[in-house]
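Chain by chain, the residues:
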Amino acid sequence: MAVPVAFFALFFAYPVTAIVGRGLKAEGAWQFGRISEVLSRPDILDVLWFTTWQALASTALTLLIALPGAYVFARFDFPGKQVLRAVVTVPFVLPTVVVGTAFLALLGRGGLLDELWGVRLDTTVWAILLAHVFFNYAVVVRTVGGLWSQLDPRQEEAARVLGAGRFAAFRRVTLPALAPAVAAAALMVFLFTFTSFGVVQILGGPAYSTLEVEIYRQTAQLLDLPTAAVLTLVQFAAVGGILAVHAATVRRRERALKLVDPAQTSRRPRGAGQWALLGGVLLTALLLILLPLGVLVERSLDGAGGYGFGYYEALQSVGAGGSSTFLVPPLEAVGNSLRYALVATLIALVIGGLAAAALTRRAGRLVRGLDALLMLPLGVSAVTVGFGFLITLDKPPLDLRTSWILVPLAQALVGVPFVVRTMLPVLRAVDDRLREAAAVLGASPLRAWREVDLPLVRRAVLVAAGFAFAVSLGEFGATVFIARPDNPTLPVAVARLLGRSGELNYGQAMALSTILMLVCAVSLLLLERIRTDRSGEF
């Protein structure tokens, strides 16, 4: 536990505490009165209200659209199922900047809807809600569908034999079993949408602001650290409550259910109703998932002289078309992102692997505290972490502000939770008697881990590496503060291009977003090939 605790204390707790302290301290004394002062401002109350209700609306809409998909993936067997499951998961690992860009190409000025019907939805709340559903669809499909596929269908069939109707059997047998998983998925979706940044910033415009966007505005644009610090504390408290409820839900699910092999529950659709349900889910995936991604690719190829690779070619030069957005060719961001993500993945695997090994021992308050600590980077403002890096890691012996390692460290903070959540169930499933037998035969603890645990969790390690690489590749909130102008990452480069006017900048943003999407999709497809039903669900 020592290495993960030291890592999070130094690169998470220290920067966050420092930035909050700088905002709430004046002349060496804490100014807690600023909390009530900030929270009584009408504009801040509006931000809090919008953050909460858009997260609730996004969660409800995601559940409504994704639960039929969870059932189809859990119970039906059809050609192309694995490929489709990988495709619907692509949005989850895409950077929010790319998600916002894809919906901007679909719903914004000059987008597909604007060209066909003269309708624009950017700068409206509907664009934000649809993008959140697009982003979180896979969370519900994977979380609920993974459990649904392991529920024994004979229990519901027994209720039908005893006289219950189809709906009554579902309501009394299946739904209570699924309720913890549905609640867990809903809480995760709420967490991601409550802390939404890139989607709201790109699609919402100045009219809409979540806590994360407001923290960025107060920090980077207005330099109002007291307000940013108060909002960080509010977000921290809200996320802590959400994670506590989520942890309780997961514990309920683990205790209550007896699961079967998913291969025993999947079959071909039967009857017109089931085929219609399958068709509806496929149509939803086409319109919700594939259409925005397809429009993104189309816009990257649609140049002034017709379709071609002009925007991609322009990525190879500095200042193409009079643009001075970058100090280096934008295409260099691809190599930068890949290098940063690889290093971040290695860090996340080491830290997350050690933490998962520690968490395998279930008892103890210290271990449970570490479990909660590991999840906090997913909910605490990445903007706060990034700005905290700048003001804390600038003095010896940790003067890293000009070092390239700063970006992978920030990205690894987001990757570690995915590594832990992927490896922990598999490590807990290893029979302790195998380790004890190895010890009796003279193996040291290190050799017992290498000979017993590692072969059993090798697949889970590869899956964890895939997720860590994808989320590191797309990290934006912290990286936007610490990435150097001469070494931008792909998400930062896309955001810079979208922030400047001009057709060339817009086209280059679409081209970079397409490249980033393809890299994430390839990573996910490779992950899907090595996944197992036990280690691959999140």
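Preceding this section is the structure that the text describes.
Presented here is an overview of the structure given in this document. In this text the structure is predicted, and so the values were computed from the model without any measurement.

**Description of the nonpolar core**
Part 1 of the argument: Counting residues in each nonpolar core, the largest one holds 163 residues, and the members touching the most others are F7 and F389.
Part 2 of the argument: Element by element, the count of residues in this core is highest for helix α7 (residues 125-148), at 16 residues.

**Examining the packing of helix α5 (residues 96-107) against helix α22 (residues 490-498)**
Part 1 of the argument: Relative orientation of the contacting elements α5 and α22 amounts to 40°, with a least axis distance of 9 Å. With respect to each other, α5 and α22 are oriented oblique. The handedness of the crossing between α5 and α22 comes out as left-handed. From α5, V97, T101 and L104 reach across to α22, where they touch P491, V494, A495 and L498.

**Focus: the packing of aromatic side chains**
Part 1 of the argument: One pass over the structure, following the stated rule, counts 15 aromatic pairs.
Part 2 of the argument: Between the aromatic rings of Y71 and F76, the centroid separation amounts to 5.4 Å while the plane-to-plane angle is 75°, which identifies the pairing as edge-to-face.
Part 3 of the argument: For Y71, a relative accessible area of 22% gives the class partly exposed.
Part 4 of the argument: Three or more aromatic residues link up through ring pairs in this structure, and these residues are F7, F8, F11, F12 and F389.

**Considering the layout of surface pockets**
Part 1 of the argument: Approximately 740 Å³ is the volume found for the second largest pocket.
Part 2 of the argument: Secondary structure elements with two or more residues in the lining of the second largest pocket: α3 (42-75), α8 (153-161), α9 (166-194) and α13 (271-301).
Part 3 of the argument: Across the lining of the second largest pocket, the residue classes break down as 10 nonpolar, six polar and seven charged.

**Remarks on a nonpolar patch on the surface**
Part 1 of the argument: On the surface, a cluster of nonpolar side chains totalling about 420 Å² of accessible area is made up of L283, L286, L287, L290 and L291.
Part 2 of the argument: With respect to the helices and strands, L286 occurs in helix α13.
Part 3 of the argument: Taking relative accessible area as the criterion, L286 reaches 44% and is therefore assigned partly exposed.

**Focus: the side chain of T193**
Part 1 of the argument: Mapped onto the secondary structure, T193 falls in helix α9.
Part 2 of the argument: Here the side chain of T193 touches F190 through a polar contact of 3.2 Å, landing on its backbone oxygen.
Part 3 of the argument: Not counting residues within four places of it along the chain, the set of residues in contact with T193 comprises Q54, A55, S58, T59, H132 and N136.

Procedures and definitions
- Residues numbered from 1 in each chain as written.
- Predicted model: local features only at pLDDT ≥ 70, side-chain atom pairs only at ≥ 80, totals over all residues.
- Heavy atoms only, no water.
- Core = buried A, V, L, I, M, F, W, Y, C linked by side-chain atoms within 4.5 Å.
- Buried < 20%, exposed > 50% of the residue type's maximum accessible area, 1.4 Å probe, protein only.
- Helix = DSSP H or I, 4+ residues; strand = E, 2+ residues; numbered from the N terminus.
- Axes fitted to C-alpha atoms, helices over the stretch in contact; angles between N-to-C directions.
- Parallel < 35°, antiparallel > 145°, perpendicular 65-115°, else oblique.
- Left-handed = near helix turned anticlockwise from the far one by under 90°.
- Contact = heavy atoms within 4.5 Å.
- Phe/Tyr/Trp six-rings, centres within 6.5 Å; stacked < 30°, edge-to-face > 60°.
- 1 Å grid on protein atoms, 1.4 Å probe; cavity = no way out; pocket = protein on both sides within 12 Å on 5 of 7 lines; lining within 4 Å.
- Points joined across faces, edges and corners; volume = space filled by probe spheres on them.
- Nonpolar A, V, L, I, M, F, W, Y, C, P; charged D, E, K, R; others polar.
- Patch = residues over 30% accessible without salt bridge, like charges linked within 9 Å, V, L, I, M, F, W, Y side chains within 5 Å.
- Areas by Shrake-Rupley, 256 points an atom, 1.4 Å probe, with all protein chains shown as cover.
- Salt bridge = Lys/Arg side-chain N within 4 Å of Asp/Glu carboxyl O.
- Polar contact = N/O pair within 3.5 Å; in protein donor to acceptor, adjacent residues only side chain to side chain.

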